[in-house]
Amino acid sequence: METLTHGAVLARFGHALSDPTRSRLLLALREAPGYPAELADLLGVSRQSLSNHLACLRGCGLVVAAPEGRRTRYELADPRLAHALGDLLETVLAVDPSACPADESAGCR
């Protein structure tokens, strides 16, 4: 197994955040664990699309799957990620408040 450098780890995190749907998915999981069908409805994407994004986030080590009978619940891999995402969002908005206009249709959430 390859040992990742700090730069590679941050690049992997950046890749996860580079897609708006994945970013919104991480923010949703920051609030509470969820099930794929419910998360797809919440985000307004197809279940197949959501499945692909979850696979990416699992591959990046940011989310984990917890089987529950016939269903699978997804959650952030580490509770510290919720705090980190909140800090990152606050920092970006502090540096550039116009980055997320009040109009939710602009893609901010």
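Check the entry above for the structure.
Just so you know, these numbers come straight off a predicted model, no measurement behind them. (Residues numbered from 1 in each chain as written. Predicted model: local features only at pLDDT ≥ 70, side-chain atom pairs only at ≥ 80, totals over all residues. Heavy atoms only, no water.)

Asks: Looking at this structure, I do not really get the side chain of Ser-23. What am I missing?
Replies: Relative to the helices and strands, Ser-23 resides in helix H2 (residues 20-31). Only 2.8 Å separates the side chain of Ser-23 from the backbone oxygen of Leu-17, close enough to count as a polar contact. If we ignore the near neighbours within four places in the chain, the residues touching Ser-23 are Ala-16 and Leu-17. (Helix = DSSP H or I, 4+ residues; strand = E, 2+ residues; numbered from the N terminus. Polar contact = N/O pair within 3.5 Å; in protein donor to acceptor, adjacent residues only side chain to side chain. Contact = heavy atoms within 4.5 Å.)

Asks: Help me understand the state of the cysteines, please; the structure alone is not making it clear to me.
Replies: The term disulfide refers to a covalent linkage connecting the sulfur atoms of a pair of cysteines. The tally for this structure, following the rule as stated, stands at 0 disulfides. Here Cys-56 is not cross-linked by a disulfide; its sulfur's nearest cysteine counterpart is in Cys-60, at 4.3 Å. The exposure class assigned to Cys-56 is buried, which follows from its relative accessible area of 18%. The exposure class of Cys-60 is buried, given its relative accessible area of 8%. (Disulfide = S-S within 2.5 Å. Buried < 20%, exposed > 50% of the residue type's maximum accessible area, 1.4 Å probe, protein only.)

Asks: I would appreciate a short explanation of the pairing of strand S2 (residues 71-76) in the present structure.
Replies: A regular strand carries its side chains on alternate faces of the sheet. Bridge count between strand S1 (residues 63-68) and S2: 6 bridges; the pairing is antiparallel. Of the residues in S2, the one forming a bridge with Val-63 is Leu-76. A loop of 2 residues connects S1 with S2, the two strands running antiparallel in sequence, and Gly-69 in this loop sits at a positive phi of about 65 degrees. (Pairing = 2+ DSSP bridges.)

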